[in-house]
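Each chain, written out:
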Amino acid sequence: MRKTLLIFSALAALFSARGADFSNALPTVSVACMRSEPRHGAELVSQVVMGTPLRVLEEGRGDWWRVETPEGYQGWVIGNSLSLLDAAGFADWQNTPRLYVSSPEPQYVCSDTVARGAILPRVSDLANGAILAGSPAPGARFFAVTLPDGRQGYVNSYAAAPLSDWASRHYDAPRMPLTASQYMGTPYLWGGTSGKSMDCSGLTKICAYDMGVILPRDASQQAKEGKQVVAPAGGHPSEEEIALLQPGDLLFFGNPRTRKVNHVGIYMGDGRFIHASGRVKVNSLRPDAPDYHRATLLTARRLSPADAARFSAASNPLYFPKP
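Just so we're clear, the structure is a prediction, and the values are computed from it rather than from any experiment.

1. Quick notes on the overall build of the protein chain
Scanning the protein chain from terminus to terminus reveals eight helices and 22 strands. Computed over C-alpha atoms, the radius of gyration of the protein chain comes to 21 Å, within 12% of the 20 Å expected from 2.2 N^0.38 for 323 residues, which places it in the range of a compact globule. Seen along its three principal axes, the alpha-carbon backbone of the protein chain occupies a region of about 65 × 45 × 40 Å. The 323 residues of the protein chain split such that 54% are buried. Seen as two clouds, the 32 positive and the 28 negative side-chain charges of the protein chain have centres 2 Å apart.

2. What about the side chain of S30?
Within the element layout of this structure, S30 appears in the loop between β1 (24-27) and β2 (31-35). The exposure class assigned to S30 is buried, which follows from its relative accessible area of 6%. Looking at S30, its side chain comes within polar contact range of the side chain of D125, at 3.1 Å.

3. Structural notes on the pattern of salt bridges
When their charged atoms lie close together, side chains carrying opposite charge are able to pair. This structure, assessed with the given rule, holds 14 salt bridges. The salt bridge partner of R175 is D210, with a shortest N-O separation of 3.0 Å. In this pair, R175 is assigned in helix α4 (residues 175-181) and D210 in the loop between α5 (200-209) and α6 (219-222), connecting sequence segments 35 residues apart. A salt bridge links R302 to D249; the nearest nitrogen and oxygen atoms lie 2.8 Å apart. One end of the pair, R302, is in strand β22 (residues 297-302); the other, D249, is in the loop between α7 (239-244) and β18 (250-254), and 53 residues separate them in sequence. For D249, a relative accessible area of 1% corresponds to the buried category. Through salt bridges with shared partners, one network takes in R169, R175 and D210.

4. A look at the environment of P287
Tracing the backbone through its elements, the reader meets P287 in the loop between β21 (279-284) and β22. A residue is classified by how much of its surface remains accessible, and P287, at 56% relative accessible area, is exposed. Taking C-alpha positions, P287 is 9.6 Å from P237, a pair spaced 50 residues apart along the chain.

5. Side note on the packing of aromatic side chains
The description of two aromatic rings rests on the distance between their centres and on the angle between their planes. Scanning all chains against the criterion turns up seven aromatic pairs. Each ring, one from F22 and one from W65, has its centre 5.7 Å from the other, and the planes form 70°; the classification is edge-to-face. In this pair, F22 is assigned in the loop between α1 (2-15) and β1 and W65 in strand β5 (residues 64-68), connecting sequence segments 43 residues apart. With respect to burial, F22 and W65 carry one shared label: buried. In this structure an aromatic cluster arises from ring pairing among Y100, W166, Y209 and Y319. Against the face of W93 rests R98, its NZ or CZ located 4.4 Å from the ring centre. In this arrangement the basic side chain of R122 is found over the ring face of Y108, its NZ or CZ atom lying 3.6 Å from the centre.

6. A word on the environment of S315
As for its position among the elements, S315 is in the segment after α8 (305-309). Along the sequence, S315 and A167 sit 148 residues apart, while their C-alpha atoms lie 8.6 Å from each other. Polar side-chain contacts of S315 include one of 3.2 Å to the backbone oxygen of S312.

Cut-offs used in this document
Residues numbered from 1 in each chain as written. Predicted model: local features only at pLDDT ≥ 70, side-chain atom pairs only at ≥ 80, totals over all residues. Heavy atoms only, no water. Helix = DSSP H or I, 4+ residues; strand = E, 2+ residues; numbered from the N terminus. Rg over C-alpha atoms; globule rule 2.2 N^0.38 Å. Buried < 20%, exposed > 50% of the residue type's maximum accessible area, 1.4 Å probe, protein only. Lys, Arg positive; Asp, Glu negative; His and termini not counted. Charge placed at Lys NZ, Arg CZ, Asp CG, Glu CD. Polar contact = N/O pair within 3.5 Å; in protein donor to acceptor, adjacent residues only side chain to side chain. Salt bridge = Lys/Arg side-chain N within 4 Å of Asp/Glu carboxyl O. Phe/Tyr/Trp six-rings, centres within 6.5 Å; stacked < 30°, edge-to-face > 60°. Lys NZ or Arg CZ within 6 Å of the ring centre and 35° of its normal.

See the structure below:
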């Protein structure tokens, strides 16, 4: 274990190196906020979890940096939430053994594997999707890890897997509502894309991300992907149209006059769907149901494995170096 930690210490020094030309950045907190302008009072446009690889587009005003996410979304992140890397440092990070936090339950990096009192001493909390430097140790209860800013600790082995294993997962649409149900009751947050709080398209992103698929950020962008299944003329699907839907289809709601999409949910089956609206919850498409959702359904779309392959993390150059 001591040898492993020494190796991680060397990696930490590498990650924290500072140069004159920062090409990339890694969030160093469990969930970093992306804003529309370089100030805390600006609109929250999205979030990025710890270790998400980002492109640096512009050095900010003050300590803010304009960055781009793996799916091409742009925003400003405060510098004290980032580890900045030059091209060489980022290439080294890409070639470092990394772990993906795959548990939807709250997880922590702890400084020890022996509890003091009732809990393990904590270094940081983690959100689902976090990426940490480290390797699996067969049979171990904990994996030794290094955070993007060099902090070290241990994470429960059941909660993490090699990054390559995550990226090689295949898109399975029926898993979407099953994954979403693990976040039932989680509060809605405009711009949220983490298991702590999320908006409607944040929920669909999280569920697809769990299968190594990086969907576009906004509902209006997601509505352009896949194959249309139904497009109810009156905005409310008939029983015949409901019968055409399959679990995992994405339901897009919006303005019936402008046809502008402003909400998305995940179809579960039997006329019901799960979405983030106030909180993550289940509603019905049927007007006679007590939990009927009174919004206009513009379209339902189905993403096939071939469609999803275009958004695979395995082929995204920010996650893995080009061959």
